[in-house]
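# Close look at the chain arrangement
Residues per chain, in single letters:
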Amino acid sequence: VRSPGYGQFVDWEKIDPEAAEKYQRLLKSEHQEMKIMGRQGFWAMPHTLRAKAYYHIIHHIHSRCAAPDRDVYQEVTKKLFGEQKVSTHPVPEYMEGGEIPRYCLNKAGLNSVKKILLCLGKYFPDMNFCPILPALVSLILHFSEDEAECFYSISRLISYKDPNKRYIDQTFLTYRASCMTFGDLANKYCRGIRKLIASSDQNLFEFYSDWIMWIFADLPFTYAIRVLDVYLLEGYKVLYRFVDASQYVGQYDFRRDMKSFVQNVARHCTAEKLLEKAFMIQMATRRELNLLFNANMDSLMQKGVHIQQKRWVQAVQMVDFSTFSSSVVTRTEMRVVWAWIPERFALFSPIRLFSTTEHNRSLDSFYSHVEGHEPTVLILKTVDEEVCGAFLSTDVIERRKHDSEGLTYFGTGESFVFTVRDIQSYYGQHHDQETFASAGPGQQPCLQCDVKWQEDCVSAVLTWCFSCVFPVLSGGDGGHALCLHADLEGGSTEPCDTFKSIPLCRGQFKIQSLEVWDR
């Protein structure tokens, strides 16, 4: 055990000149260069170099709000604890009863983490939901001179207000919006994994609700600090990267328990391999992420979640499928389809707008029920019992804004086409053991929902063909993913470059039933 004050007479730069040279290089580096350093593990060893790097990075974060200094911490601790050195207070409410990750801290270190958390709650009274904070405080305390320095460092992250580079969600509303944003990203970048979860009996919303804890609370210490290296420089965006990378690495192991997989990630890959995977993902820009985050937050507020709310209300969370009825899909099939649409829309229960079994099979009837609604889900069943459809992100009334007599393109990159089929029958045709999982003993067959998105999020994906006056999901000359006849009696499907999709069912088909659903 090292004695207190050990090494105070030593010039450590002479003993470890390489670390000293690295630190001097760090001090002279611009932000972009430091980002590269962080990704490469430039200051990973020795730990004293990492401590200096963290101090330098955090104290150069340009916060719009002034963070409390060391003296403030001493004042707050004196008010809360008096002369007590050990805290007997309950943990702060914003932790939601969560545990403090120990990592490599001793008993005194855990007590210090608790004191810092209590002081942060006292100093930032508007922070009512922040499950990430115990892990962050615990990690940064490993590399802090004392409690006051750790308190100051965390305060700077909390006080940072740039919407395009967030660090810490401080309310239930923003936390849930981040969870939904992660779900949207998983939908786009981890489709195979999303497919496994959606076809199982797991609740997607619940599955993604603890996503941030997989990183900081569940990752082993050596992995967590490598994430922290880049998080301090790049903000929230890298957390999305790492969870998506974890899903790629463990896509066949995590299905039942992501927490267990993350805790044992060393069996699957090294920390450096995880970083490599994370930064190979072609992530959306900060601006795009911020727009998506704000859209998700708006949807939550529409559902009744407010900024002061401290926890999830069951009535708000549940999408009600108990009264769902359809001539095209079963309740379970619709639950799978609903799991694929963007999170902000999946918050709401499906509402049927149009059905060929209830309304006239005519364009006038179709338009009168569907126009004015977006987004919508179009689902059809053929006379051969094949089920396919499309998520239309844009109101079909958009066609009226164009004067062209030819093909008109509009829509967004969130549109997609899909097929729904029993997984066992599909599995029997393809024999793809790694992509499709058959039902286990005593289980009901899972459902398979094959989904194809447009890769380009800028170009439009809904084509309006004025020759037949009905929508065609297409990319132009790259083939029509789904084309419906004007009388709604039949249609066709073919390979489509826009969605990179194969025919959704038999090439030429007759429609048994067609429905359009709103959220």
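Every value quoted in this text rests on a predicted model; they were computed, and no experiment measured them.

Cut-off values and rules
- Residues numbered from 1 in each chain as written.
- Predicted model: local features only at pLDDT ≥ 70, side-chain atom pairs only at ≥ 80, totals over all residues.
- Heavy atoms only, no water.
- Phe/Tyr/Trp six-rings, centres within 6.5 Å; stacked < 30°, edge-to-face > 60°.
- Helix = DSSP H or I, 4+ residues; strand = E, 2+ residues; numbered from the N terminus.
- 1 Å grid on protein atoms, 1.4 Å probe; cavity = no way out; pocket = protein on both sides within 12 Å on 5 of 7 lines; lining within 4 Å.
- Points joined across faces, edges and corners; volume = space filled by probe spheres on them.
- Nonpolar A, V, L, I, M, F, W, Y, C, P; charged D, E, K, R; others polar.
- Salt bridge = Lys/Arg side-chain N within 4 Å of Asp/Glu carboxyl O.
- Buried < 20%, exposed > 50% of the residue type's maximum accessible area, 1.4 Å probe, protein only.
- Expected span 1.5 Å × (residues − 1).
- Axes fitted to C-alpha atoms, helices over the stretch in contact; angles between N-to-C directions.
- Parallel < 35°, antiparallel > 145°, perpendicular 65-115°, else oblique.
- Contact = heavy atoms within 4.5 Å.
- pLDDT = per-residue confidence, 0-100.
- Lys, Arg positive; Asp, Glu negative; His and termini not counted.
- Patch = residues over 30% accessible without salt bridge, like charges linked within 9 Å, V, L, I, M, F, W, Y side chains within 5 Å.
- Areas by Shrake-Rupley, 256 points an atom, 1.4 Å probe, with all protein chains shown as cover.

### Points about the packing of aromatic side chains
Each aromatic ring pair is summarised here by two numbers: the centre-to-centre distance and the angle between the ring planes. Under the counting rule described, the total for this entry stands at 18 aromatic pairs. With a centroid separation of 6.2 Å and 85° between ring planes, the pair formed by Phe242 and Phe279 is classed as edge-to-face. Here the residue Phe242 occupies a position in helix H14 (residues 237-249), and Phe279 occupies one in the loop between helix H16 (271-278) and helix H17 (286-302), the gap between them amounting to 37 residues. Both rings, one in Phe366 and one in Tyr367, keep their centres 5.9 Å apart while their planes meet at 70°; by these two values the pair is edge-to-face.

### Quick look at empty space enclosed by the protein
Tallying each qualifying case throughout the model produces 4 cavities of 30 Å³ or more. Space inside the largest cavity adds up to approximately 110 Å³. Contributing to the lining of the largest cavity are Pro163, Asn164, Lys165, Arg166, Thr181, Tyr236, Lys237, Tyr240, Arg286, Leu289, Asn290 and Phe293. Looking at the lining of the largest cavity, the elements with two or more residues in it are H14 and H17. The element that contributes the greatest number of residues to the lining of the largest cavity is H17, accounting for 4 residues. Broken down by class, the residue content of the lining of the largest cavity amounts to 5 nonpolar, 3 polar and 4 charged.

### Some details on the pattern of salt bridges
All told, the structure shown has 16 salt bridges when counted by the stated rule. The shortest N-O distance in the salt bridge between Asp229 and Arg50 comes to 2.8 Å. On the criterion of sequence distance, the pair formed by Asp229 in helix H13 (residues 221-234) and Arg50 in helix H4 (residues 47-58) is long-range, its members being 179 residues apart. Across the pair, exposure class does not vary: Asp229 and Arg50 are buried alike. The salt bridge involving Glu385 is made with Lys381; its shortest N-O contact spans 3.7 Å. The structure contains a network of salt bridges with shared partners spanning Arg50, Arg226, Asp229 and Glu272.

### Some thoughts on H13
Given a rise of 1.5 Å per residue, 14 residues ought to cover 20 Å, and the 20 Å separating the end C-alpha atoms of H13 matches this to within 8%. For H13, a buried count of 13 out of 14 residues is recorded, marking the element as mostly surrounded by other parts of the structure. After H13 finishes, the residue Gly235 shows a positive phi value of roughly 80°.

### Description of the packing of helix H5 (residues 70-81) against helix H8 (residues 147-159)
Orientation of H5 relative to H8, taken along the N-to-C sense of each, is 110°, at an axis distance of 9 Å. With respect to each other, H5 and H8 are oriented roughly perpendicular. For the pair H5 and H8, contact is made by Arg70, Tyr73 and Gln74 and by Glu147, Ala148, Glu149 and Phe151, respectively. Classifying every residue of the contact of H5 with H8 by side-chain character gives 3 nonpolar, 1 polar and 3 charged.

### Remarks on the environment of Val329
Structurally, Val329 can be placed in the loop between helix H18 (314-317) and helix H19 (331-340). Taking the relative accessible area as the measure of exposure, Val329 reaches 4% and is therefore buried. With 58 residues separating them in the primary sequence, Val329 and Val387 have C-alpha atoms 7.7 Å apart. Ignoring anything within four residues of it in the chain, the contact list for Val329 reads Phe324, Met334, Ile379 and Val387.

### Looking at the confidence of the model for the chain
Summarising the model, the chain shows a mean pLDDT of 78, and 77% of its residues fall at 70 or more. Counted against residues more than four places away or in other chains, residues 423-448, with its pLDDT under 50, gives 39 contacts.

### Comments concerning unusual backbone geometry
Put simply, Met45 and Pro46 share a cis peptide bond, and its omega is -5°. Among the structural elements, Pro46 can be located in the loop between helix H3 (31-40) and H4. That bond from Glu374 to Pro375 is cis: its omega, -5°, falls within 30 degrees of zero. Inspection of the secondary structure assignment puts Pro375 in the loop between helix H21 (363-370) and strand S2 (376-382). A positive phi angle, near 50°, is found at Tyr103, a position not held by glycine.

### As for the side chain of Lys114
Within the secondary structure, Lys114 sits in helix H6 (residues 107-123). Although buried, Lys114 forms no salt bridge, and the nearest oppositely charged side chain, Glu147, lies 12 Å from it. Setting aside residues up to four positions removed in sequence, Lys114 forms contacts with Ser87, Thr88, His89, Pro90 and Ile100.

### Observations regarding a nonpolar patch on the surface
A contiguous nonpolar surface patch, about 290 Å² in accessible area, is contributed by Val10, Trp12 and Ile15. With respect to the helices, strands and loops of the structure, Val10 is situated in the segment before helix H1 (12-15).

### Quick word on the packing of H5 against H6
Here H5 crosses H6 at 100°, and the two axes come no closer than 10 Å. By the angle between their axes, H5 is roughly perpendicular relative to H6. Of H6, the residues touching H5 (which contributes Val72, Tyr73, Val76, Thr77, Leu80 and Phe81) are Lys115, Ile116, Leu118, Cys119, Lys122 and Tyr123. Class assignment of the residues belonging to the contact of H5 with H6 gives a composition of 9 nonpolar, 1 polar and 2 charged.

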